[in-house]
Each structure stands twice: as structure tokens, then as C-alpha cells.
Amino acid sequence: MSDPTPVSEKQSTYRVLARKYRPSDFSTLIGQAPMVQTLKNAFAAGRIAQAWMLTGVRGVGKTTTARILARALNYKRDGIDAPSVDLTEPGEHCAAIMEGRHVDIIEMDAASHTGIDDIKQIIDGVRYAPVSARYKVYIIDEIHMLSEKAFNALLKTLEEPPPHAKFIFATTEIRKVPITVLSRCQRFDLRRVEADMLVNHLADIAQKEEVTVDDASLAMIARAAEGSVRDALSILDQAIAHTNANVDDASVRAMLGLADRGRIVQLFEKIMKGEVVGALQNLKGLYDQGADPIVILNDLAQFTHLVTRLKFVPEAAQMDASLSPEERDRGLQFAEQLSIQTLGRAWQMLLKGIGEAEMAARPFAAAEMVLIRLAHAADLPTLDQAIARLDAGDAAPAIAATPVPAHTPSATHQASAPQATAAAPPQDPALAPTSPPTMRLVANGDPASTARPMEIVEPDEPTPAPDAAEPLETKSVQIGSLEDIVALCDQHRDPLLKVNIRRCLRPVSIEPGRLTIGLTDDAPQSLLGDLSKKLQDWTGARWMVSIARDADTPTLDEREQSRKNALVTDAAKDPEISRILQDFPGAKIVDVRLKGAASEADAWQLEPPEDDSDTELMP
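Just so we're clear, the structure is a prediction, and the values are computed from it rather than from any experiment.

(A) Molecular detail of the packing of helix 10 (residues 215–225) against helix 11 (residues 229–243). Viewed as axis vectors pointing N to C, helix 10 and helix 11 meet at an angle of 135°, and their least axial separation amounts to 8 Å. The angle between helix 10 and helix 11 places the two elements in the oblique class. Two packed elements cross with a definite hand, and for helix 10 against helix 11 that hand is right-handed. Residues Ile221, Ala224 and Ala225 of helix 10 pack against Asp231, Ala232, Ile235 and Leu236 of helix 11.

If you want it as C-alpha cells, here you go:
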């Protein structure tokens, strides 16, 4: 039998990048400047704590920081025998501490040592002085995994440890650590590493490894790592092996199963234009290339968030190094032309759709349904937009395409009355939807404006504009108050609308063909539309119903209740009624009916006492 192929020395000694480039001192620890500055000041002032709690997401450097801190506590070299954060030159104990083999640095994984017996070993050993180092340092990783009894056993030792003992805890679940433990530690929250800092760090490591990596690949790796340095180095290590040391964006995308960012932008554009067929074709193309449907929806949600953020902070496009040039440029164009209502609605629908796709047996089909809903909803007006349109005046209805940017800034298309057409810029033909829906978004001329009026069109039976020469008047019914509208509800047997009018409407002004009202907080969303339609059906004239935001007039129910309260108060002042109330403790006036009013009789109804007696009082 022949000998096995010999393994080269380089292959046998290879270490993954996450271990090879693990920081060994505070100067090489990236992204944690506030913590490093605090520790430097504490060491310089001699205010060294007895215990530290390090928390943060995976891969941001909690365990590495604990080892560096243990090295700083036990730093010793020629001429220096005191704790120091200046660790540029290796000390006597540094190598053994960073490699995890020093006898006085005890590391314990709480995930596999959760019981009280493991903590008792620490309590028993903490009494003894260190063998060779200055301090005996206990590093407990994932401390939130300890049991309740183990935490309680640790409390006394943690509060009053011997002078030669220090504790460093690390956890990713800080909320699971008892407050009694947290109060005995100095807490440091390690931050996620920013994308631009992570890209520069990866580029520096790639140069040291003599590997070619383009900027797009580095941006994708940094985005996939989500602020974790260890995850970023692991992905880079995998990409180098996948591409044989020549990393490009296509290889990284295929390796991670990511969608093409450019095609995500195209998918977003088609959705905002209402092009269902194009959006589904784009999704199918990404799926055929290996992209996960759920990842596609997440990327779409991420780009929606980016566009919304750029709408308020345009300079953020230049601050995020993980963005591709297309995402940066097109994101700014979308932010200028899409309203915040449209973006907010898309964001909410995507969040719900992602959850549905994750639970669905067929994620691709679920993703298609999400895109169909998004494309349809892109053309529907929000409540605020519909109200703004009603408040704008009696302009004729129009059909307009949803404003979305192409590779060059596009304009808004509007087919309406001549004056509206003149105010709108020409539309880019490439952005015209393939099948015009019945409800479209009309953007005003100011790109920065977030209030966009909506126009609703019924193509089959368009509503004719009123004749300017004739005032809007009802054909057969004169309406001068809400009571008249309530009477119409009774006449046409619509009790639901009657109840909502009495309970939810605050009258402001009523003119022929125009009603201005305020709404209570519990008013149904469909009340305005229902009221306008009913008035048109019942009176034979078109009514415009608008909202006054600060209306404080009472509703009909509130007005009626105030009248009843006043009558009850007056009735209680009557000497005879006052005497009756005194003779029957617990009785009270619940209603007052006056002669000549709408009620049938003049009577005071008194509620009997709570003893359930059969007494009935009538004047």
C-alpha cells in the first residue's frame, strides 16, 4: 500500500482568518472605541473594577476583549510591573493568556457548566493566590446560561472578591442576567462594527493574504455579516476557497444565495409602477439563479427602508460603504418622487409578507402573492391622500401613473383637465404601466412634499364634473343641519349611518353641496365615503365632505346628553323631587320628559335604590 500524499507545511499549519487575525491588544480591536477609552482612563487613574460584564451580538469581540483585559491586568515586562493598556510589546504572560493556556486565567463556558457545583469550584479556588500572575482572572462566557442557584451562589463572592481575583463575564443575552449580578459589574455594550469600518478591515486582511477582492464583494460580505467581525472573516475565508483567491461579486452572490442588488432595485421599480407581470418575471429570474424567496423579500424590505431613510437624510447615501452605486443613485431618485405614505405602506406589507413566506409550505408562491399585493396597493390611495383630494376643490377626476424614477429622473404623467395637465411634467414612456388600474397616484409638483393628493376614477361610469355656471344645490331635499341628515337616515331606513352620524360627527359648516365636519377618535374609516355616497343618492346632487382637523363642536349625542344633564340638574332642585330623593336613599333621576317636547309625557323617572325593592316613583 502506497504512502498517503504528504501534506504541505502551509496546509498543516493553516488557521482560519477569524483566529489568525484575532486582535491581541486594544489598538487592533476595531469598532469599540468608547469601551477602550473608558478602560484606558480607568487604568491610568488606578480605578480598576473587580468585575466587568461584556455584552453584544455574536462576533463583535467579547471573548477577545476579555483576554486582552486579562493580559492588561497581568502585564509585566522589563521596566514595567503594573497593569497597563499599552500592550504594543508582548509581556511575560501575554502569549499564554491570548492562547488560553495560562494557569491563572480560568476560562469557563457557562453553556456547558450551568450548575451550582461548577460555581462552587470557582468559589473554592478564588481564595488561593495566583501562581505566577498578578491577578487570578475568571472569564465566564455566556453567563446568562447559569442556573438561578448558580447565580445566587456567585453573588457574595462577586460583591467582595479577594484583592487578587477579577471577574470578566460575556453574554449575548444581557436581559437574562439577574439585576443583582449586573449591579456588581461594570457593564460594556460592544457595538456592531459599522459597514465602512468592516469593509476597510476586510480589504486590509485580503491584502495581507495576497487575495484579490473587488469592492462589491467586500460590501456584500460586510452586509451579510451584520456588524459581526467574526462572521465577516468566516465569509471571506469561504469566498477565498470558493474562488481560488480571486473573489468577485458574482461568486460571492452565488455562494451566499443572495439576490442581485441591481435586480432588487428593478423589482422595486416595477412594484411601484404596478407592473405585476414584470415583477413576477423578475422574481422568477432571481429564483432561477438560486436566490431564496425569503431573502429576496428581505432585500426588498431593506431597499424600501433605504429609500425611506434617504427621503429624510439624503446624505446617508454617501455614508454607507455597503451600498452599491446603483442602490445609492436610484435610492435617491425614488426618495425624491415617492411619498412617505406609499413607502410606509410597502414596508408594512413586506414585514407581514416575510412572516407569511417563512411559515408557508411553498415560500416562492407566498413571495409571489406578496408582490401581487404590493403592486396592487401601490396604486391605491391612503385615507389622508383621499381627504387631501377632497379638500383640494372640485377639480375633474384624472388618471395618472404612479411616479417612479427610471435611470434618469422621470416626471409624473397625468391625463386630466387642461389646467391639471399643464401643471404636470411630461411622462417618461418607458415607465407607463402595462395595464392602467382604476385608481392612480397623482404627485404634486414639489418632490419634497409628503402630502400627495389622490384621485379616484371609475372608468366605466365616470362622474361628470359640476357645471360651473350652476351652484350645487339639492334637487328635492334641503339640508341645513345634521338633524336633517339624521331625518334622511330614518326616512331611508339606514340605522347604522344614523348612529355613526349622531355619535362620531362634529358639525362645522353646512352649505349646499358641501359639508365640513370633525370626527371623533372612534369614527369608522369608511364613514366619510358612506356619507358622501348616501347624500348623493338621497338628494340627487354631488356632495363634497371635508374634515376640519381641530373641530371641537359637540356631536348630536353629546349635545343630547348635555341637555339631559341640565334637565336632571334642574329637576333635582325642585323641592318636591328633592324631598322624594331624601325619603328614598339611593334613588336618583335618570330621565326628564317635558310637556310639549318630542317625548310623550312630562315625567321624572327615578331609579330605585339598590335593595331591589318594587317601589316605583312617579310625580
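(B) Inspection of helix 24 (residues 527–539) at higher detail. With 13 residues, helix 24 extends 18 Å from end C-alpha to end C-alpha; this agrees with the ideal 18 Å at 1.5 Å per step. Residues of helix 24 that are buried include every one of Leu527, Leu528, Leu531, Ser532, Leu535, Trp538 and Thr539, and no others. In a view along the axis of helix 24, the buried residues occupy a sector of 140°, so they form one face of it. Residue Gly540 follows helix 24 closely and has a positive phi angle near 80°.

(C) Representation of the sheet that holds strand 13 (residues 514–519). Read from one edge of the open sheet, 3 strands run 12-13-14, paired in mixed fashion. A single partner strand is all that each edge strand has here, and the edge strands are strand 12 (505–511) and strand 14 (544–547). Ignoring strand direction, the axes of neighbouring strands in this sheet form an average angle of 25°. Note that strand 13 and strand 14 share 4 bridges and pair parallel. From the neighbouring strand, Leu515 faces strand 14, where its bridge partner is Val545.

(D) How the structure looks around the side chain of Arg328. Counting through the fold element by element, Arg328 comes out in helix 17 (residues 325–337). Asp329 provides the closest opposite charge to the buried, unpaired Arg328, separated from it by 6.0 Å. The residues touching Arg328, leaving out its near neighbours within four places in the chain, are Ala317, Gln318, Asp320 and Leu323.

(E) View of the pattern of salt bridges. By the definition in use, this model includes 25 salt bridges. The shortest N-O distance in the salt bridge between Lys534 and Asp494 comes to 3.5 Å. With Lys534 in helix 24 and Asp494 in the loop between helix 22 (482–491) and helix 23 (495–504), this pair connects stretches of sequence that are 40 residues apart. Residue classification places Lys534 among the partly exposed positions, given a relative accessible area of 30%.

(F) Spotlight on the packing of aromatic side chains. Considering all chains together, one arrives at 6 aromatic pairs under this definition. Relative to Phe169, the ring of Phe167 has its centre 6.0 Å away and its plane inclined at 40°; by these criteria the two rings are tilted. Using a relative accessible area of 0% as the deciding quantity, one classes Phe169 as buried. The rings of Tyr138, Phe167 and Phe169 are connected pair by pair, giving a single aromatic cluster.

(G) Representation of the nonpolar core within the structure. In this structure, Phe268, Ile271, Leu297, Leu300, Phe303, Leu371 and Leu374 are the most contacted members of the largest nonpolar core, which totals 36 residues. Among the secondary structure elements, those contributing two or more residues to this core are helix 13 (261–273), helix 14 (276–288), helix 15 (293–312), helix 16 (316–319), helix 17, helix 18 (340–359) and helix 19 (363–377). The element best represented in this core is helix 15, accounting for 9 residues. If we skip the residues at most four places from it in the chain, Phe303 touches Ile264, Val265, Phe268, Glu327, Gly331 and Phe334.

Cut-offs applied
- Residues numbered from 1 in each chain as written.
- Predicted model: local features only at pLDDT ≥ 70, side-chain atom pairs only at ≥ 80, totals over all residues.
- Heavy atoms only, no water.
- Axes fitted to C-alpha atoms, helices over the stretch in contact; angles between N-to-C directions.
- Helix = DSSP H or I, 4+ residues; strand = E, 2+ residues; numbered from the N terminus.
- Parallel < 35°, antiparallel > 145°, perpendicular 65-115°, else oblique.
- Left-handed = near helix turned anticlockwise from the far one by under 90°.
- Contact = heavy atoms within 4.5 Å.
- Expected span 1.5 Å × (residues − 1).
- Buried < 20%, exposed > 50% of the residue type's maximum accessible area, 1.4 Å probe, protein only.
- Arc of directions from axis to C-beta.
- Pairing = 2+ DSSP bridges.
- Lys, Arg positive; Asp, Glu negative; His and termini not counted.
- Salt bridge = Lys/Arg side-chain N within 4 Å of Asp/Glu carboxyl O.
- Phe/Tyr/Trp six-rings, centres within 6.5 Å; stacked < 30°, edge-to-face > 60°.
- Core = buried A, V, L, I, M, F, W, Y, C linked by side-chain atoms within 4.5 Å.

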